[in-house]
Amino acid sequence: MKAILCTELGGPEKLVFGEVTLPPPGPNEVRIKVAGAGVNFPDILQIQGKYQFKANPPFTPGAEVSGVITAVGAKVTRLAVGDRVATLIPIGGYAEEVNAAADGVLKLPEGFDLIEAAGFTLVYGTTLHALKQRGQLKAGETLLVLGAAGGVGLSAIQIGKLMGARVIAAASSPEKLALCRAQGADEVIDYSKESLKEAVKKLTKGQGADVIYDPVGGDLAQDCFSAINWNGRYLVVGFAAGTIPEIALNRLLLKGASAIGVFWGAFIVREAALNAENFAQLFAWHGEGRLKPFISKTYPLAEATQAMLDMQARKVTGKAVLVP
């Protein structure tokens, strides 16, 4: 089958489009014919050897896929050939087919578009866990979303509104902010042109945000600590800016605030029942038309390098999906 190969650690330009042989699924696995593979920032870190889960070359990157089951292992009873599914895997998603542990595979509701599903599992699973279990977001509170035009950012806008919050979206261009408004943001901040700290204080009448959703990290994080409300919760989601910020603990002390890590990958293993409840809610909202992944572009599988370069250059809004 065709697949993208990381034969040496480095940037996306080092990736190779070639052929690999996929073994039969193990007794607790299923084989999925891939309809779409989500492109995510951790994929870029992984091919550089900078992600927490290390993979030794040669390997196929990609953690998020959707598709149709074509074979099931001997011990698999919950899933069957022909099921339309989505799942996360450690590596291997940028390919025509994958083997995946059956326990982690989600059966999709009737009518759920497979390309949309390729951009759904990771961002929406992460965001609902972040805002519900970790951030304890309440109706009427103010949610500040950084990197708001990206995949997780747009999902945070949508879910924040569904949970009853007032959402302030922060991004780096008028075009991205227009998208955030179209997705439901109440207020927007262009942090390439104005101080994030001062803008948040102005929009909250000096109080600050109750919950801050930060997948960006870097220098903006320090402004967040100055723009957080009393008893505020700063959610550490990721570091798309490339640098891990140092937390000014005195600012958290003065605001009675908390910095809270969001590690959805561990959550789905440690608290599988809660994760299942989250997805039941997400699928219900999607079925009601109340949330929908914004897929800004699809790329042929052979163009995975370009898709990653575009993401690295922050040209991607919402989600990008590879289509074999």
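Attention here is on the structure that accompanies the text.

Rules of the game
- Residues numbered from 1 in each chain as written.
- Predicted model: local features only at pLDDT ≥ 70, side-chain atom pairs only at ≥ 80, totals over all residues.
- Heavy atoms only, no water.
- Helix = DSSP H or I, 4+ residues; strand = E, 2+ residues; numbered from the N terminus.
- Contact = heavy atoms within 4.5 Å.
- Core = buried A, V, L, I, M, F, W, Y, C linked by side-chain atoms within 4.5 Å.
- Buried < 20%, exposed > 50% of the residue type's maximum accessible area, 1.4 Å probe, protein only.
- Phe/Tyr/Trp six-rings, centres within 6.5 Å; stacked < 30°, edge-to-face > 60°.
- Arc of directions from axis to C-beta.
- Axes fitted to C-alpha atoms, helices over the stretch in contact; angles between N-to-C directions.
- Parallel < 35°, antiparallel > 145°, perpendicular 65-115°, else oblique.
- Left-handed = near helix turned anticlockwise from the far one by under 90°.
- Nonpolar A, V, L, I, M, F, W, Y, C, P; charged D, E, K, R; others polar.
- Polar contact = N/O pair within 3.5 Å; in protein donor to acceptor, adjacent residues only side chain to side chain.
- Pairing = 2+ DSSP bridges.
- Salt bridge = Lys/Arg side-chain N within 4 Å of Asp/Glu carboxyl O.

1. A short note on the environment of Gly 92
Thinking step 1. Structurally, the position occupied by Gly 92 is in the loop between strand 5 (84–88) and strand 6 (97–101).
Thinking step 2. The contact partners of Gly 92, leaving out residues within four places of it in the chain, are Thr 60, Pro 61, Gly 62, Glu 97 and Val 98.

2. Description of the nonpolar core
Thinking step 1. Residues Leu 131, Leu 143, Ile 159, Tyr 213, Leu 235 and Leu 282 are the most contacted members of the largest nonpolar core, which totals 43 residues.
Thinking step 2. With 6 residues, the top contributor of residues to this core is helix 3 (residues 121–134).
Thinking step 3. Beyond its immediate sequence surroundings of up to four residues, Leu 143 is in contact with Leu 131, Leu 137, Ala 156, Gly 160, Ala 165, Arg 166, Val 167, Ile 168, Val 211 and Tyr 213.
Thinking step 4. Of all hydrophobic cores here, the second largest spans 32 residues; its members include Cys 6, Val 98, Leu 301 and Met 311.

3. Section: the side chain of Ser 66
Thinking step 1. If you trace the backbone, Ser 66 turns up in strand 4 (residues 64–72).
Thinking step 2. Not counting chain neighbours up to four residues away, the residues in contact with Ser 66 comprise Ile 32, Lys 33, Val 34, Ala 35, Gly 36, Val 85, Ala 86, Leu 114, Ala 117 and Ala 118.

4. Considerations on the packing of aromatic side chains
Thinking step 1. One pass over the full model with this rule turns up 9 aromatic pairs.
Thinking step 2. Aromatic side chains Phe 120 and Tyr 124 sit 4.7 Å apart centroid to centroid with 20° between the ring planes, which places their arrangement in the stacked category.
Thinking step 3. On the basis of an interplanar angle of 45° and a centroid distance of 6.2 Å, the ring pair of Trp 264 and Phe 279 is categorised as tilted. Here Trp 264 is found in helix 9 (residues 264–270), whereas its partner Phe 279 is found in helix 10 (residues 272–287), with 15 residues between them in sequence.
Thinking step 4. Classification of Trp 264 by relative accessible area gives buried; the value is 5%.
Thinking step 5. By relative accessible area, Phe 279 is classed as buried at 3%.
Thinking step 6. Taken together, the aromatic side chains of Phe 112, Phe 120, Tyr 124, Trp 264, Phe 279 and Phe 283 make up a single cluster linked through ring pairs.

5. Description of helix 11 (residues 304–312)
Thinking step 1. Of the residues making up helix 11, those classed as buried are Ala 304, Ala 307, Met 308, Asp 310 and Met 311. The buried residues of helix 11 occupy an angular sector of 160° when the element is viewed end-on, so they sit on one face.
Thinking step 2. Where helix 11 terminates, the next one or two residues include Arg 314, which has phi positive at roughly 60°.

6. Side note on the packing of helix 3 against helix 4 (residues 151–162)
Thinking step 1. Remark: helix 3 packs on helix 4, axes separated minimally by 9 Å, with the N-to-C direction vectors making an angle of 50°. Comparing the axis directions of helix 3 and helix 4 gives the class oblique. Considering how the two elements wind past one another, helix 3 and helix 4 form a crossing that is right-handed. When helix 3 is examined against helix 4, the residues Val 123, Tyr 124, Thr 127, Leu 128 and Leu 131 are found in contact with a partner set consisting of Gly 151, Val 152, Ser 155, Ala 156, Gln 158, Ile 159 and Gly 160.
Thinking step 2. The residue inventory of the contact of helix 3 with helix 4, partitioned by class, reads 7 nonpolar, 5 polar and no charged.

7. Focus: the side chain of Ser 226
Thinking step 1. Positionally, Ser 226 belongs in helix 7 (residues 220–226).
Thinking step 2. Judged by relative accessible area, Ser 226 falls into the buried class, the value being 13%.
Thinking step 3. Polar contacts involving the side chain of Ser 226 include one to the side chain of Arg 251, which spans 2.8 Å.

8. Structural notes on the sheet that holds strand 10 (residues 187–190)
Thinking step 1. On the basis of which strands lie adjacent, the open sheet formed by 6 strands has the order 10-9-8-11-12-13 and parallel pairing. Looking at strand neighbours, the two that pair on one side only are strand 10 and strand 13 (258–261), the edges of this open sheet. The mean inter-strand angle of the sheet, taken between neighbouring strand axes irrespective of direction, is 20°.
Thinking step 2. Where strand 8 (residues 142–145) meets strand 9 (residues 166–171), 4 bridges bridge the pair, whose relative direction is parallel. Bridge assignment links Leu 144 to a residue of strand 9, and that residue is Ile 168.

9. Side note on the pattern of salt bridges
Thinking step 1. Inspection of every chain in the model, using the stated rule, returns 9 salt bridges.
Thinking step 2. Its salt-bridge partner being Glu 19, residue Lys 2 comes within 3.3 Å of it at the nearest N-O pair. Of this pair, Lys 2 sits in strand 1 (residues 2–5) while Glu 19 sits in strand 2 (residues 16–19); the two residues are 17 residues apart in sequence, bridging distant segments of the chain.
Thinking step 3. Overall, Lys 2 belongs to the partly exposed group, its relative accessible area being 31%.
Thinking step 4. Owing to a relative accessible area of 60%, Glu 19 belongs among the exposed residues under this scheme.
Thinking step 5. Close ionic contact of Glu 141 with Arg 233 constitutes a salt bridge, the shortest N to O distance being 2.8 Å. Residue Glu 141 is located in the loop between helix 3 and strand 8, and its partner Arg 233 is located in strand 12 (residues 228–236); the two are separated by 92 residues in the primary sequence.
Thinking step 6. Taking relative accessible area as the criterion, Arg 233 reaches 11% and is therefore assigned buried.

Geometry only, nothing functional implied.
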